[in-house]
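Chain by chain, the residues:
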Amino acid sequence: MDTSSPTALLDLARKRYDRTLELLERMVVTESPTGDAGGVTAVADQVRELFAEHDAEISVSTGEWGTHLVLEIPGSGSKRDAAPVLFIGHSDTVWPTGTLEKMPFRIEGGMAYGPGIFDMKSGLLIMHQGLSVSTELGLSRPPVRVIVVGDEEIGSPSSRELLLASAEGTSAALGFESPHPGGALKVGRLGSTRLRLEVTGRASHAALDPEGGVNAIEELVDQILALREIIGSAQEAAPGDVLCNVGTITGGGKTNVVPAAASVEVGLRFRTPEVENQVLASIRELTPVRTDARLDVHTLSQRPAWQADPADEALLAAVEDAATDAGLPAVGGRPAAGAGDTNFLGSSLPTLDGLGPDGAGAHADHEQVRLESIPERIALLAALLARL
């Protein structure tokens, strides 16, 4: 790599430390819960402002979830005509508006705290600052395509097709979500599917005409038991390859009325596409137990299982070489239990995730980023781009 010393990248990244913290605080105090189109768009506007420094060609897609961005950044040096590398991020968080009152942005004991700081506003800044360091040092790098969506935390229902289209023609996908504890990257992710099972029965007076009704709650209970049988069989055949959580049950009203409607929302996780396909097919084949009851299975969100393959491992090897270039220790990588937008691409494109800074507490009230890891990730990204 054409830097004058192994520490040049890290030294420059550290010089940008104060500016990075200033930008991070600005982004974190701009609350952007999923579904708050104004907040999501405000963060997207900050991203647009930052990436204007990189001569980005910007495409904006605005809808009910706020703004999704696609930014095209030219390459430089001998790699300027290479296929682009895809950066993946999101501007929405799980935290409702007003969370800052109890979880204010603060710096304490070498950590920065605040809602969305780890998942994943700090990752958005790593993208920007890594490119800035690369440019300042005059490194060769391929073109970069950046996508930042506003609905990732609920499964990217409105941005999935945009993500897939953005991946076309790229050489690799890099996700800037939070890493494993200690900073190891995410190489493979469990698949994640959310389903709603809806039962429609028939209302009647529970005492005067009990036989005239079809109890939707009782039907739903039987369907949940059938669901558990499907999951149990899959777990017995492939231990550890499927997880199931019954999260929300609704239905019924007065005790003297046979309930006409009931539903359950279920979260499923899959280690392999084979088990995923088998279990989902079996669930969709469920039929009502009671005459005149109706069962509808709705997919609320679905991210396919991503199992690491040799292309992903080769990309991880390039990261380790880049860490050496930047004077950093080995990074490491392993599969992750949580799902993300990289699930959509991991089976078709060399993919890594977790390039955001080290920290803890994603979706938890102690959400935090380790400050020392911010310049380390910036330097790592600049070095990696020089090797891709």
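Our subject is the structure that appears above.
**Q** Describe the pairing of strand S13 (residues 261-270), with residues and values.
**A** The sheet contact formed by strand S9 (residues 191-200) and S13 spans 10 bridges and is antiparallel. Pairing of Thr 200 across the sheet is with Ala 261, part of S13. Of the pairings in the sheet, the one linking strand S11 (residues 242-251) to S13 comprises 9 bridges and is antiparallel in character. By the bridge assignment for S13, Ile 249 is matched with Val 264.

**Q** So, the pattern of salt bridges: which residues are in play, and what are the values?
**A** Any two side chains of opposite charge can pair, so long as their charged atoms come close to each other. A complete count under the given rule lists 21 salt bridges for this structure. A salt bridge links Arg 196 to Glu 265; its shortest N-O distance comes to 3.1 Å. A residue pair is termed long-range when its members are at least 10 positions apart, and Arg 196 in strand S9 and Glu 265 in strand S13 qualify at 69 residues. For Glu 265, a relative accessible area of 27% translates into the label partly exposed. A cluster of three or more residues bridged by salt bridges with shared partners is formed by Glu 218, Glu 219, Asp 222 and Arg 290.

**Q** So what's going on with the nonpolar core? Residues and values would help.
**A** The biggest cluster of nonpolar side chains holds 63 residues, and the ones touching the most others in it are Phe 51, Phe 87, Val 146, Leu 174 and Phe 176. Setting aside anything within four residues of it in sequence, one finds Leu 174 in contact with Val 85, Leu 86, Phe 87, Ile 88, Leu 315, Leu 352, Leu 355, Leu 381, Leu 384 and Leu 388. Residues Val 199, Leu 268, Leu 280 and Leu 286 belong to the second largest nonpolar core, which totals 23 residues.

**Q** Hey, could you go over the sheet that holds strand S6 (residues 144-149) for me, with residue numbers and the actual values?
**A** The strand order across the open sheet built from 6 strands is S1-S2-S6-S3-S7-S16, with neighbouring strands paired in mixed fashion. A single partner strand is all that each edge strand has here, and the edge strands are strand S1 (57-63) and strand S16 (351-352). Across the face of the sheet, helix H4 (residues 117-136) comes into contact with strand S2 (66-73), strand S3 (85-90) and S6 while running at roughly 150° to S3.

**Q** Any chance you could break down the packing of helix H2 (residues 17-28) against helix H3 (residues 37-51) for me, citing the residues and the numbers?
**A** The axes of two packed helices give the description: the angle between them and the distance between them. One way to put it is that H2 packs onto H3 with a least axis distance of 10 Å and a crossing angle of 155°. Relative to H3, the element H2 lies roughly antiparallel. The hand of the H2/H3 crossing is right-handed. Counting all contacts with H2, which are made through Leu 23, Arg 26 and Met 27, the residues of H3 involved are Val 43, Gln 46, Val 47, Glu 49 and Leu 50. Of the residues that constitute the contact of H2 with H3, the class distribution is 5 nonpolar, 1 polar and 2 charged.

**Q** Requested: an account of the sheet that holds strand S5 (residues 111-113), with residues and values cited.
**A** Hydrogen bonding along the main chain pairs the strands of a sheet, whether they run parallel or antiparallel. Ordered in space as S4-S5-S18-S17, the 4 strands form an open sheet in which the pairing is antiparallel. The outermost strands of the open sheet, each flanked by one partner alone, are strand S4 (106-108) and strand S17 (359-360). The strands touched by H4 within the sheet are S5, S17 and strand S18 (368-370), with S18 carrying the most contacts at an inclination of about 50°.

**Q** For the pairing of S6, give the residues involved together with the corresponding values.
**A** Most of S6 is tucked away: 6 of the 6 residues are buried. Residues Val 144, Val 146 and Val 148 of S6 are buried on one face, and the alternating residues Arg 145, Ile 147 and Val 149, pointing to the opposite face, are buried as well. Note: S2 against S6, 5 bridges, orientation antiparallel. Looking at S6, one finds that Leu 69 is bridged to Val 148. In terms of strand pairing, S3 meets S6 through 6 bridges, oriented parallel.

**Q** Can you break down helix H1 (residues 8-15) residue by residue, with the values?
**A** Three or more residues of H1 are buried, namely Ala 8, Leu 9, Leu 10, Leu 12 and Ala 13. For H1, the elements touching its buried residues are H2, H4 and helix H9 (373-387).

**Q** Outline the side chain of Arg 145, supporting the account with residue identities and numerical values.
**A** Of note, Arg 145 is situated in strand S6. A polar contact is formed between the side chain of Arg 145 and the backbone oxygen of Ser 166, at a distance of 2.7 Å. Beyond its immediate sequence surroundings of up to four residues, Arg 145 is in contact with Val 70, Leu 71, Glu 72, Pro 84, Val 85, Leu 86, Phe 87, Ser 166, Glu 168 and Thr 170.

Analysis parameters
Residues numbered from 1 in each chain as written. Predicted model: local features only at pLDDT ≥ 70, side-chain atom pairs only at ≥ 80, totals over all residues. Heavy atoms only, no water. Pairing = 2+ DSSP bridges. Helix = DSSP H or I, 4+ residues; strand = E, 2+ residues; numbered from the N terminus. Salt bridge = Lys/Arg side-chain N within 4 Å of Asp/Glu carboxyl O. Buried < 20%, exposed > 50% of the residue type's maximum accessible area, 1.4 Å probe, protein only. Core = buried A, V, L, I, M, F, W, Y, C linked by side-chain atoms within 4.5 Å. Contact = heavy atoms within 4.5 Å. Axes fitted to C-alpha atoms, helices over the stretch in contact; angles between N-to-C directions. Parallel < 35°, antiparallel > 145°, perpendicular 65-115°, else oblique. Left-handed = near helix turned anticlockwise from the far one by under 90°. Nonpolar A, V, L, I, M, F, W, Y, C, P; charged D, E, K, R; others polar. Polar contact = N/O pair within 3.5 Å; in protein donor to acceptor, adjacent residues only side chain to side chain.

All we've got here are geometric facts, nothing functional implied.
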